[in-house]
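Here are the chains, one letter per residue:
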Amino acid sequence: MFFETKDLTRAALNDLGLSFNPFKAIVAPRPIGWITTQNAKGVVNLAPYSFFNAVSSDPPIVFYGANGTHDADGGEKDSLRNVRETGEFVCNLVTWELRSQMNDTATSAPNEIDEMQAVGIASLPSRLVKPPRVAASPAHLECKLHQLVELPPDPATGQRNVMVLGLVVGIHIDDNFVVGGRFDTTRAQPLARLGYHDYAVVTEAFEMKRPSWPLKKG
Ligand SMILES: Cc1cc2nc3c(=O)[nH]c(=O)nc-3n(C[C@H](O)[C@H](O)[C@H](O)COP(=O)(O)O)c2cc1C
């Protein structure tokens, strides 16, 4: 099948034999940035964002994409509003062990509610930024806002899509996850988002080194 994304109405999806837009199932697995922010009054927010990734390593820069509005008040999602107000965030690594706590933080609690406290997630202070860290995450990236990029809005609803780019200024790693001088991803077992309500977990890795030119055949 082939379809132009601008033509993807509900009827067009059904004609193609699809129940949902498959875009997010194709761009998968996506890492999950479990983002802590604070508003100007210091109220803490924690929420998962799977439009999340690193875009450069030197300097280390990550982004998360805030789509649509806050369910409770129709304004900006808290993770966008807070970073705009205070310019700082922390990305906490979501692991298999933390999957259900992560999911609980995807609800739209009002901005004045401390979402870590409400969900019962223990925190640790950060070093270089104010938002706290999820104590049980094996790794955290402390970030300062680099830029907010306003993307084209949802053509159907007009709702905003905003890309939040952050410079990683500090990295915490739980030493139990460092094996042979490397961060052991299979020990951490990070969760990744697929399409629909599906997830994946990293439990295996393999190594493949880049070849040099000219390629050796056979
Ligand atoms: C695994 C997962 C990934 C999500 N990824 C995103 C995302 O990339 N962008 C987004 O706007 N919402 C995403 N959501 C929904 C937000 O987490 C949800 O709207 C949340 O209420 C936003 O919280 P906030 O207002 O506290 O920032 C995701 C939800 C889950 C469970």
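For the structure itself, look to the data block above.
What you see is a predicted model; the values in this text were computed from it and never measured.

## Structural notes on the sheet that holds strand β14 (residues 199–201)
The strand order across the open sheet built from three strands is β1-β13-β14, with neighbouring strands paired in antiparallel fashion. Lying at the two open borders of the sheet, with one neighbouring strand each, are β1 (30–31) and β14. Taken together, the three bridges between strand β13 (residues 191–193) and β14 define a ladder with antiparallel strand orientation. Paired with L191 across the two strands is V201, which belongs to β14.

## Considerations on the environment of E88
With respect to the helices and strands, E88 occurs in strand β6 (residues 88–93). You can call E88 buried: it has 21 C-beta atoms within 10 Å. Taking the C-alpha atoms as reference points, E88 and S57, 31 residues apart in sequence, are found 19 Å from one another. Ignoring sequence-local partners within four residues, the contact set of E88 consists of V129, K130, P131, C143, K144 and L145.

## A short note on the sheet that holds strand β5 (residues 60–67)
With antiparallel pairing, seven strands are arranged side by side in an open sheet as β3-β2-β6-β9-β10-β5-β4. Looking at which strands have only one partner, the edges of the open sheet turn out to be β3 (44–49) and β4 (52–57). Each strand of the sheet is rotated relative to its neighbour by a mean of 35°, with strand direction disregarded. Judged from the twelve bridges that link them, strand β9 (residues 139–151) and strand β10 (residues 161–173) form a sheet pairing that is antiparallel. Across the sheet, the residue bridging to L151 is N161, located in β10. Of the strands in this sheet, β2 (33–38), β3, β5, β6, β9 and β10 are in contact with helix α3 (residues 78–86), which crosses β2 at around 50°.

## Examining the pairing of β9
Consecutive side chains of a regular strand alternate in pointing toward one face of the sheet and then the other. Pairing geometry for β6 and β9, over five bridges, is antiparallel. Looking across to β9, one finds that F89 is bridged to C143.

## Examining the site of the ligand
Near the ligand you find 20 residues, and of these A47, F51, K77, D78 and S79 are the closest. The set of elements that each furnish at least two residues to the shell around the ligand consists of β3, β5 and α3. With four residues, the top contributor of residues to the shell around the ligand is β3. Tallied by class, residues from the shell around the ligand come to seven nonpolar, ten polar and three charged.

## Notes on unusual backbone geometry
For the bond from A28 to P29, the omega torsion is 0°, close enough to zero to count as cis. Along the chain, P29 turns up in the loop between α2 (23–26) and β1. At the junction of D58 and P59, the peptide bond is cis and its omega measures out at 5° in the coordinates. With respect to the helices, strands and loops of the structure, P59 is situated in the loop between β4 and β5. Not every positive phi belongs to a glycine, and Q189 is a case in point at roughly 50°. Notably, Y196 is not glycine yet its phi reads approximately 55°, a positive angle. Among the structural elements, Y196 can be located in the loop between β13 and β14.

The rules we used
- Along each chain, residue indices are assigned from 1 in the same order as the chain's sequence is written.
- A pLDDT threshold of at least 70 governs which residues receive local features in this predicted model, and a stricter bar of 80 or more applies before side-chain atom pairs are shown or counted, although totals over entire chains, interfaces and linings include all residues.
- Being paired, for any two strands, means DSSP has found at least two bridges between them.
- Where helices and strands are cited, they refer to DSSP runs of H or I of at least four residues and of E of at least two residues respectively, numbered from the N terminus.
- With C-beta atoms placed from the backbone, a residue is labelled by how many other C-beta atoms lie within 10 Å of its own: buried for 20 or more, exposed for 12 or fewer, partly exposed between the two.
- Two residues qualify as a contact pair if the distance between their C-beta atoms, derived from the backbone, is within 7 Å.
- Axis definition: a line fitted to C-alpha atoms, limited for helices to the stretch in contact. Angles are taken between N-to-C directions and run from 0 to 180 degrees.
- As used in this record, a residue near a molecule or strand is one whose C-beta atom, placed from the backbone, is within 6 Å of it.
- Gly falls in the polar group here, along with every residue not listed as nonpolar (Ala, Val, Leu, Ile, Met, Phe, Trp, Tyr, Cys, Pro) or charged (Asp, Glu, Lys, Arg).

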